[in-house]
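Overview (structure and organization)
Listed here are the chains, written in short residue letters.
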Number of protein chains: 2
Amino acid sequence: METSKESGKNALIEYIEQYMPLTSEEKSSLEGLNLFREYKKGEVLLKEGAYSKETYFVLKGCLRSYYIHDAEEITTEFYTELEGVSPACSQTDEASEYFIDCVEDSLVSVGTQDMEEDMFQKFPRFESLCRILSEKLLLKQQTAMVNYKTSSPEQRYLQLMETNPGLVHRVPQYQIASYLGIKPESLSRIRKRIMQKAFSAHHH
Amino acid sequence: METSKESGKNALIEYIEQYMPLTSEEKSSLEGLNLFREYKKGEVLLKEGAYSKETYFVLKGCLRSYYIHDAEEITTEFYTELEGVSPACSQTDEASEYFIDCVEDSLVSVGTQDMEEDMFQKFPRFESLCRILSEKLLLKQQTAMVNYKTSSPEQRYLQLMETNPGLVHRVPQYQIASYLGIKPESLSRIRKRIMQKAFSAHHH
DNA sequence: GGTGTTTCTTAACCAAAGTCAACGAGAGTA
DNA sequence: TACTCTCGTTGACTTTGGTTAAGAAACACC
């Protein structure tokens, strides 16, 4: 569908321009090299053990990264509209330790390491941008860690509901559970507890 | 003590050269701008609310970053020999959300944002290095998060003993406890449990 | 050396998550 | 429609961490 891909390009460029205005030369370079792909729900974009150099930027839909640990999926992150993923393996020459799959039908902009290096070569400002984004992400990750350490599973669930209420409905519960670091049964009980509290509060 | 500061300079340069060989011009620039400071155990290098632009690189001793959350210290990281810290506030124009203090008497190389920008200006390769280090750190943080989610407090303590056995003796237990995301009492119990297991295994 | 503070340990009790097992609702398929 | 598979829920029971309170041990400072 050409129209959604067109708007995809604009979304990507607008995203970058939040941080740094682009010259028209830079824009056309970006448009030239970016590749838009559509994935179906359940498709796996990156497999454990792969040496992929691809990076992803979600234009529509939802991706998810997860490890398999003792035969169980551990979801580490969800990526929705206007969020990007640069998997570890795309930067390290090592096999990926985790998977990325598609939670729902999605439109994704796919980049490669080669393209990235070309862009750094041609437009050194992009390397600055990447450093800044990477540092931003690091901060986000650090505060996420503190948050995780200082709150109970129930609090974490409530926080998720607040910061990203849609996610709970887009994503299967067992994926949310492992994302919160608990078992699906526990999440079920937590939800029940919350409902009961809400109910009795209602009766005050 | 001049001798320890001299060896400090070398340690810093050797550290950087792990990632990128330096020209003598780059080395002398680095030597020129780096500032070595000695801190006493318990000294606070960065306070919550401060707008510090300093970054630290530990040459000897041990630093520690921590939040104060509900009047309790939450230790987020320990930094020992040849590890660096770039606090969030040194990059964001915002007040620091956390503290950094000194776990034991330490020798630290202190940098500032201005110095950093000068260096990026003079030697653009430094910005590449910083991007790479920042991405490295991000990966480390991400795997730390997965590890944290997939293991119990007891397992986390055992992991810490394996990966960093010295730390447990250098640092007060209550700081280790909050680093592991538990209360000091629980850590005490965990240690006891582990001792008992080791003992009964001995008798097999 | 004594005094007080900080750190660590222990115990008793409670709340919450893990485990195991069973059941049920819904989607997809034959 | 009946069968299957996945996902979510529930219950009984176990394990573990949080809480509170008390004491012991280590440390620092006079």
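Residues numbered from 1 in each chain as written. Chains lettered and ligands numbered in written order. Predicted model: local features only at pLDDT ≥ 70, side-chain atom pairs only at ≥ 80, totals over all residues. Heavy atoms only, no water.

1. What about the pattern of salt bridges?
Residues and elements named next belong to chain A. Formally: For this document, the term salt bridge refers to a Lys or Arg side-chain nitrogen within 4 Å of an Asp or Glu carboxyl oxygen. Helical segments are the DSSP runs of H or I of at least four residues, strand segments are the runs of E of at least two, and each set is numbered from the N terminus. Any residue under 20% of the maximum accessible area for its type is buried, any over 50% is exposed, and the rest in between are partly exposed; the area is computed with a 1.4 Å probe on protein chains only.
Going through the model one piece at a time under the given rule, you end up with 26 salt bridges over all chains. With a closest N to O distance of 2.8 Å, E54 and R37 form a salt bridge. Linking E54 in strand β3 (residues 54-69) with R37 in strand β1 (residues 35-39), this pair joins segments that are 17 residues apart in sequence. Taking the relative accessible area as the measure of exposure, R37 reaches 27% and is therefore partly exposed. Residues R64 and E73 are paired through a salt bridge, measuring 2.2 Å at the closest nitrogen-oxygen approach. Judged by relative accessible area, E73 falls into the partly exposed class, the value being 30%.

2. Overview of the relation of the copies chain A and chain B
The condition that has to hold: Alignment of copies: least-squares fit on C-alpha atoms of residues with pLDDT of at least 70 in both copies.
After a rotation of 180 degrees and a shift along the axis of 0.1 Å, chain A superposes on chain B with an RMSD of 0.1 Å. Given the turn and translation reported, the copies of this chain are related as if by a two-fold rotation axis. Taking C-alpha positions as reference, the residue of chain A nearest the rotation axis is A:R131, located at 2.3 Å.

3. Regarding the packing of helix α5 (residues 125-149) of chain A against helix α5 (residues 125-149) of chain B
We count it as follows: Interaxial angle, 0 to 180 degrees, is taken between N-to-C directions of lines fitted to C-alpha atoms, where a helix line uses only the stretch in contact. Roughly parallel means an angle under 35 degrees; roughly antiparallel, over 145; roughly perpendicular, 65 to 115; everything else is oblique. Crossing handedness follows the turn of the near helix against the far one: under a right angle anticlockwise gives a left-handed crossing, and clockwise gives a right-handed one. Polarity classes work like this: nonpolar for Ala, Val, Leu, Ile, Met, Phe, Trp, Tyr, Cys and Pro, charged for Asp, Glu, Lys and Arg, and polar for all others, with Gly in that last group.
Contact geometry for α5(A) and α5(B): axes closest at 9 Å, N-to-C directions at 25 degrees. With respect to α5(B), the element α5(A) is oriented roughly parallel. When you trace α5(A) past α5(B), the crossing you get is left-handed. Residue composition of the contact of α5(A) with α5(B), by class: 12 nonpolar, eight polar and eight charged.

4. Remarks on the domain arrangement of chain A
Residues and elements named next belong to chain A. The criterion, for reference: Residue ranges for the domains trace back to a domain assignment, done automatically or taken from a database. Throughout, the accessible surface (probe 1.4 Å) given up by two parts as they are put together, summed over both, is called the buried area. Whenever two N or O atoms come within 3.5 Å, that pair is a polar contact, provided that in protein one can donate a hydrogen and the other can accept it, and provided that, for residues adjacent in sequence, both atoms are side-chain atoms.
Each assigned domain of chain A is listed here: domain 1 (2-149) and domain 2 (151-204). The gap between the C-alpha centroids of domain 1 and domain 2 is 28 Å. Of the roughly 1300 Å² buried between domain 1 and domain 2 on both sides combined, carbon and sulfur atoms contribute 44%. The interface formed by domain 1 and domain 2 holds three salt bridges in total. One salt bridge connects R170 with E104, and the closest N-O pair in it is separated by 2.5 Å. Summed over the shared surface of domain 1 and domain 2, the result is 12 residue pairs in polar contact (both at pLDDT 80 or more). The element contributing the most residues to the side of domain 1 that touches domain 2 is strand β4 (residues 72-79), with seven residues. Residue classes in the side of domain 1 that touches domain 2 are distributed as five nonpolar, five polar and seven charged.

5. Details of the protein's contact with DNA strand C
The line we're drawing: Residues are labelled near a given molecule or strand when at least one of their non-hydrogen atoms is within 4 Å of it.
In the neighbourhood of DNA strand C, 17 residues make up the surrounding shell, with A:S186, A:R193, B:Q173, B:Y174 and B:S188 lying closest. Atoms of DNA strand C within 4 Å of the protein: sugar and phosphate make up 75%, bases the balance. One of the side-chain nitrogen or oxygen atoms of A:R189 is found 3.1 Å away from a base nitrogen of DNA strand C. A:R193 places a side-chain nitrogen or oxygen 2.9 Å from a phosphate oxygen of DNA strand C. Listing elements by their share of the surface near DNA strand C, those giving two or more residues are α9 (184-202) of chain A together with α8 (173-180) and α9 (184-203) of chain B. Its residues assigned to classes, the surface near DNA strand C comprises five nonpolar, four polar and eight charged.

6. Observations regarding the protein's contact with DNA strand D
Inspection of the region around DNA strand D gives 18 residues, with A:Q173, A:S188, B:E185, B:S186 and B:R193 positioned closest. Counting only the atoms of DNA strand D that lie within 4 Å of the protein, the sugar and phosphate share comes to 62%. Within the side chain of B:R189, a nitrogen or oxygen atom sits 2.9 Å from a base nitrogen of DNA strand D. When residues of the surface near DNA strand D are traced back to their parent elements, those giving at least two are α8 (173-180) and α9 of chain A together with α6 (153-163) and α9 of chain B.

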